[in-house]
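Chain by chain, the residues:
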Amino acid sequence: MKPKFLVGGAVIALALGYMIWAGVTQSAVYFVTPSELTAAPVAGKAYRLGGLVERGSLKWNPATLDLAFSVSDGKTAVPVRHKGTAPDLFGEGRGAVVEGQWTREGYFKATLILAKHSEEYQAPHPTKDAPPKRILDTLEAPPR
Amino acid sequence: MIPEIGTGVLLVALALAVYGAVVAAVGGRRGRPALVQSAQHAALGVFALLTAALLLLIYAFLTFDFSVRYVASNTNLGTPFYYRITAVWGALEGSIVLWAWMLGLYTLIVVLRHRTTARELYPWVLAVMLGVLAFFVLVMTVPAPVFTRMAPVPADGRGLNPLLEDSGMITHPVALYLGFTGFTVPFAFAIAALVTGRVGDFWITTTRRWTIVAWYFLSLGLLIGGWWSYHVLGWGGYWAWDPVENAAFMPWLTATALLHSVMVQERRRMLRLWNLALVVLTFSLTLFGTFLTRSGVIASVHAFTQGTIGVFFLGFLAVVVLVALALIAWRWDVLGAQGELDSVISRESAFLLNNVMLVAATFTVFFGTVFPLLAEAVRGEKVSVGAPFFNQVNVPLFLSLIFLMGVGPLIAWRRASLENLKRNFLGPVIVGVAAAALFRLLGVGSVLVAGSLALTLFVAACIAVDLFRAVRARRAMGERALPALGGLLLRHNRRYGGFVVHLAVLVVAVGVTGSQTWSVHTETTLKQGEQAELAGYRIRFEGLRESQESNHGKVTGTFTVLNGKAAGTVLEPAKKFYPQEQSPIAYVDYRLGLIDDIYLVLGDFARDGTSVTVKIQVNRMVSWIWLGGVVLTLGTLLSVLPERRKAA
Amino acid sequence: MRRPWRWLVPLAALPVLALLAYGFRLNPRDIPSPLVGRPAAPFALTSFDGAPVELAALRGKVVVVNFWASWCYPACYEEAPVLERGWQAYRDRGVVVLGIDIQDKDEAGRKFIADFGLTFPNAPDRGGRVSVDYGVYGVPETFFIDRDGHVRVKHVGAVTEPAFRDAVERLLAAGPGAVR
């Protein structure tokens, strides 16, 4: 192969390599637990925070679409705020991963809430022989 | 009963497949046609047994045979009829059955088509196909047994994952698997070529149609997957760079590269080694894809459960990659190119660049997908790599590819003269630049968006130039325009089929650009009778109602679009409550349009049904993506037509 | 390319394969449970046979609390024999296995117990209070509680023999009064 093609090829390869490397390191989002985040929070850095949604911490305001809750790993809890409804699999006492940034005001601003769905087991439900009552009623204070 | 019969059938199939693979290889090595015949019969037997196993499974689903653990886990007495059939491939074990069955079908077709035409390669092709089949049947019997008995037999099953109760569920896996498994055939031919040393053009020209068909089904599977995501999952998007999506995208990228580099090998006898490597890479990536989805190694929204199956797949992948690469290394000397690259400004060069971009994109996607693994192995950090990275690196690559799509078909082989460049490209370049200027003047989007759209126009102009000239030449000979066009398409169906496929890509590109740039969304809480406004549409919340379906309860919100072209449309997004699920599943309602899709997702609602929080999206140009799929189908059909005798 | 260098080609694939194999050692789904290390919530239920089932009375023993339901398959069906065997093997060593049937009908629960021949105490969680206290949101979930009454292991999904054995042996070895 002619040397100029080899050189050209090498240049392209290096350029692409750099583009990829820079892209990955800049946009990689770091997964942290609440304890890890509280130990060394960096404002403006993208994180994925994983833990359990603390019971009693969930506040939802339908008028302003403000969702607030705390994510805990048993040792530390981090206050989180999100604009908009949470995904269906989300709730108190359940595992969740939120993606967003730590703010200087002292809370985690979540842009994305991810909830996990396990294949291995199933949720409690009204027994099959007793048909579910008016569904809207059963949504009140679910046994979470 | 069924569990035992089914397991028996699979065990016999496994034995036959192993027997056939070994005997075919020996027959090929020793030149013994009788052995190859025997292997052929074994292949037919395997296909028959796999068909029996699949039918048995379908039967078990249709008759609610909960003694089969897989049936009990994936269906219940309330599952509607057609979903009972599609549930067969709705979870891990069944998906392997479908994959293996398709592989068996393809093996049958290979037997019927190539047993007389590919004399030398045939035994090895058969051996490889049967070997791969043997592996998948092994998976069906050991780590992911599909016919396990459930004792005691439950009175009712668990039910299908509600997200899978959708028309996409019927078609998406089928198309995708037809694509994935299809690449086994070119791979088998490649291995046969390496083993026998016949690394000339025969193996690749024979498998050209296979590659196109497999590529088409993979493309279709990806598009349907995007459609499924769009209309079921409720986020209004069609591609998330999820590891499982990436796993299906990577072989598509390398297969696209292969479709192009084949032409360079045919014309100039170059890139023979490259093509072999591409085929091996494509097949390996399909295996990597199934490994990724089933091993639990990388977290994904789609992933099936973990287990020992990952080890099996990784082991097989390792064997395939190492053996194939070793064969290439062994035959290295014979694989030298017989042609040379004359100039950078040439069609060969365009194809080469096309391949470089596609392989670069593949590497990008691969790297982004496994980077979390790498980061944890090396630095112990848990990271995730999301859409921003993939978009950032891939968008320039894809734009370059679109540019090449315009240039490639028109530029001359070997060395393009300035005259040639001017003749072909002056018009399209003017069109492109003018369009870009016009878009900017009209305030259309950013420089990038205007540039992308202008680029698609440039390519469309290139295609038009070629078509126009060819028709004009025929007309000069006395033919009228329309028959000239028809004759052109049929005579040179490969070329024009390719053009139509390129057009399809342009349509999809416009759809992607438009939807990413101009879609808008909002979320708001409405009381009964209140309206929301987005993008000029006014949407009123009428009320909430609940109902009981065969296997789920449902709360539906009714909304009316009050103005514009869509005035009077009633949209009914809902939340479905399945007893076996942890929480409700959102059911999206939408109105599709050529330019605007109106898309509603129900969020939270008050118990008394008087107020509701709803997500409203107006997604733009998304329908172009699905239309592109239709054009793609037409282009592919044209390409695979049997070749007429060409004029010189 | 001269003879030996060409063999680098297949060898080049090994690092990638190794990296993928490394992935088996990790679990991308790990989400920590805040209950582990905390005192187990007390409960007082009545078993299907009418006998009292109280956590407080079992202080000093290793207690395995398993939340199940008759409609939960295949997982609960798979782990029932494992739990029964575990009970038989360890009951003389100071280990108690308790089953709590949640969101179920008594009849179906009794049938489940009879089908699997379960001999350890099983009680229905009427009202669902106990499952709420333990943060149960799916079945099956199993909690391994040490002699001091602290939750040490939470197992989500069907319990396997090795998982059962590991957890129980570890808690037996820890001894009373030991803090992990």
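Residues numbered from 1 in each chain as written. Chains lettered and ligands numbered in written order. Predicted model: local features only at pLDDT ≥ 70, side-chain atom pairs only at ≥ 80, totals over all residues. Heavy atoms only, no water.

(A) Just the sheet that holds strand S11 (residues 611-620) of chain B, in detail. Residues and elements named next belong to chain B. In spatial order, the strands read S2-S11-S10-S9; together these 4 strands make up an open sheet with antiparallel pairing. With one partner strand each, in any of the chains shown, strand S2 (520-527) and strand S9 (589-591) form the two edges of the open sheet. Averaged over all pairs of adjacent strands, the angle between their axes in this sheet comes to 20 degrees, without regard to strand direction. Where S9 lies against strand S10 (residues 596-605), 3 bridges are found, and the strand directions are antiparallel. Bridge pairing in S10 links aspartate 589 to leucine 600. (Pairing = 2+ DSSP bridges. Helix = DSSP H or I, 4+ residues; strand = E, 2+ residues; numbered from the N terminus. Axes fitted to C-alpha atoms, helices over the stretch in contact; angles between N-to-C directions.)

(B) Seen up close, the pairing of strand S7 (residues 574-577) of chain B. All names here are of chain B. Side chains Ala574 and Lys576 project from S7 onto one buried face, and the interleaved Lys575 and Phe577 project onto a second face that is buried too. For strand S5 (residues 553-561) and S7, the ladder comprises 4 bridges, and the chain directions are antiparallel. Each residue of the ladder has a partner; that of glycine 553, found in S7, is phenylalanine 577. (Buried < 20%, exposed > 50% of the residue type's maximum accessible area, 1.4 Å probe, protein only.)

(C) Layout of the packing of aromatic side chains. A complete count under the given rule lists 47 aromatic pairs over all chains for this structure. Centre to centre, the rings of phenylalanine 187 of chain B and phenylalanine 283 of chain B are 4.1 Å apart; their planes meet at 20 degrees, and the pair counts as stacked. Placement of the pair is phenylalanine 187 of chain B in helix H8 (residues 184-196) and phenylalanine 283 of chain B in helix H12 (residues 272-295), with a sequence separation of 96 residues. For the pair phenylalanine 187 of chain B and phenylalanine 283 of chain B, one class covers both residues: buried. Here the aromatic rings of tryptophan 241 of chain B and phenylalanine 249 of chain B are separated by 5.9 Å at their centres, their planes lie at 70 degrees, and the arrangement is edge-to-face. The pair tryptophan 241 of chain B / phenylalanine 249 of chain B is uniform in exposure class, with both members buried. Within the aromatic cluster, the residues linked to one another by ring pairs are Trp215, Trp239, Trp241, Phe249, Trp252, Phe389, Phe390 and Phe398 of chain B. Lying over the aromatic face of tyrosine 30 of chain A, lysine 45 of chain A brings its terminal NZ or CZ to 4.5 Å of the ring centre. (Phe/Tyr/Trp six-rings, centres within 6.5 Å; stacked < 30°, edge-to-face > 60°. Lys NZ or Arg CZ within 6 Å of the ring centre and 35° of its normal.)

(D) Quick peek at the sheet that holds strand S7 (residues 151-156) of chain C. All names here are of chain C. Strand order in the open sheet formed by 5 strands is S5-S4-S3-S6-S7, with mixed pairing between adjacent strands. Across the chains shown, the open sheet's two edge strands, defined by having one partner strand only, are strand S5 (122-124) and S7. Between one strand and the next, the sheet's axes are offset by a mean angle of 20 degrees, whatever the strand orientation. Bridging between strand S4 (residues 95-101) and S5 involves 3 bridges; their strand directions are parallel. What sits directly across from aspartate 101, in S5, is proline 124. Sheet contacts for helix H3 (residues 75-90): strand S3 (62-68), S4 and strand S6 (141-145); angle to S4, the most-contacted strand, approximately 150 degrees. Against the sheet, helix H4 (residues 106-116) touches S3, S4 and S5, its axis set at about 125 degrees to S3. (Contact = heavy atoms within 4.5 Å.)

(E) Broad picture of the packing of helix H16 (residues 418-441) of chain B against helix H17 (residues 447-476) of chain B. All names here are of chain B. Put simply, H16 and H17 touch, their axes get as near as 8 Å, and they point 150 degrees apart. Accordingly, the angle class assigned to the pair H16 and H17 is roughly antiparallel. When the axes of H16 and H17 are compared, the crossing they make is right-handed. Contact with H16, carried on its side by Arg423, Asn424, Phe425, Pro428, Val429, Val431, Gly432, Ala435, Ala436, Phe439 and Arg440, involves Val447, Ala450, Leu453, Ala454, Leu457, Phe458, Ala461, Cys462, Val465 and Arg469 of H17 and no other residues of that element. (Parallel < 35°, antiparallel > 145°, perpendicular 65-115°, else oblique. Left-handed = near helix turned anticlockwise from the far one by under 90°.)

(F) Representation of the pattern of salt bridges in the model. In total, this model carries 17 salt bridges over all chains according to the counting rule given. Between aspartate 66 of chain A and lysine 83 of chain A there is a salt bridge, and its shortest N-O distance comes to 3.2 Å. Note that aspartate 66 of chain A is positioned in strand S4 (residues 66-72) and lysine 83 of chain A in strand S5 (residues 77-83), a separation of 17 residues in sequence. Assessed through its relative accessible area of 37%, aspartate 66 of chain A is described here as partly exposed. The salt bridge partner of arginine 545 of chain B is glutamate 572 of chain B, with a shortest N-O separation of 3.1 Å. Taken together, the residues arginine 545 of chain B in strand S4 (residues 537-548) and glutamate 572 of chain B in the loop between strand S6 (570-571) and S7 connect sequence positions 27 residues apart. Since its relative accessible area comes to 42%, arginine 545 of chain B is described here as partly exposed. (Salt bridge = Lys/Arg side-chain N within 4 Å of Asp/Glu carboxyl O.)

(G) Structural context of the packing of helix H10 (residues 208-232) of chain B against helix H20 (residues 622-639) of chain B. Residue and element names in this part refer to chain B. Relative orientation of the contacting elements H10 and H20 amounts to 165 degrees, with a least axis distance of 11 Å. On the basis of their axis angle, the class for H10 and H20 is roughly antiparallel. The two elements H10 and H20 meet at a crossing, and its hand is left-handed. Along its contact with H10, which presents Arg208, Ile212, Trp215, Tyr216, Ser219, Leu223, Gly226, Trp227 and Tyr230, the element H20 presents Val622, Ile625, Trp626, Gly629, Leu632, Thr633, Thr636 and Ser639. Per-class residue counts for the contact of H10 with H20 are 10 nonpolar, 6 polar and 1 charged. (Nonpolar A, V, L, I, M, F, W, Y, C, P; charged D, E, K, R; others polar.)

(H) Structural detail: H17 of chain B. With 30 residues, H17 of chain B should reach 44 Å at 1.5 Å per residue; the first-to-last C-alpha distance of 42 Å fits that figure. Looking one or two residues past H17 of chain B, glycine 478 of chain B carries a phi angle of roughly 110 degrees, positive in sign. (Expected span 1.5 Å × (residues − 1).)

(I) Layout of unusual backbone geometry. Residues and elements named next belong to chain B. For phenylalanine 64, which is not glycine, the phi torsion reads 55 degrees and is therefore positive. Here phenylalanine 64 is to be found in the loop between helix H2 (33-62) and helix H3 (69-74). For tryptophan 241, which is not glycine, the phi torsion reads 55 degrees and is therefore positive. Within the secondary structure layout, tryptophan 241 lies in the loop between H10 and helix H11 (243-268). Of the residues examined, tryptophan 241 reaches a relative accessible area of 8% and is grouped as buried.

(J) Broad picture of a nonpolar patch on the surface. Together, Leu594, Ile595, Leu627, Val630 and Leu634 of chain B make up a nonpolar patch on the protein surface, roughly 450 Å² of accessible area in all. Within the secondary structure layout, leucine 634 of chain B lies in helix H20. (Patch = residues over 30% accessible without salt bridge, like charges linked within 9 Å, V, L, I, M, F, W, Y side chains within 5 Å. Areas by Shrake-Rupley, 256 points an atom, 1.4 Å probe, with all protein chains shown as cover.)

(K) The nonpolar core, seen in detail. Counting 242 residues, the largest nonpolar core has Phe108 of chain A, Phe136 and Phe288 of chain B together with Phe43 and Tyr134 of chain C as its most contacted members. When residues of this core are assigned to their parent elements, the largest contribution, 16 residues, is made by helix H6 (residues 122-141) of chain B. The contacts of phenylalanine 43 of chain C, once residues within four sequence positions are left out, are Val53, Glu54, Leu55, Val65, Leu98, Ile100, Val130 and Tyr134 of chain C. (Core = buried A, V, L, I, M, F, W, Y, C linked by side-chain atoms within 4.5 Å.)

(L) Molecular detail of the pairing of S11 of chain B. Residue and element names in this part refer to chain B. Burial analysis of S11 places 9 of its 10 residues in the buried class, the great majority of the element. Bridge analysis of S2 against S11 gives 8 bridges, and the strand direction is antiparallel. Its bridge partner lying in S11, lysine 527 is registered against serine 611. Relative to S11, S10 is paired through 8 bridges, and the arrangement is antiparallel. The partner of aspartate 597 across the bridge, within S11, is asparagine 619. The hairpin turn running from S10 into S11, its antiparallel successor, is 5 residues long, and glycine 609 in that turn takes a positive phi close to 75 degrees.

Just geometry here; none of it tells us what the structure is for.
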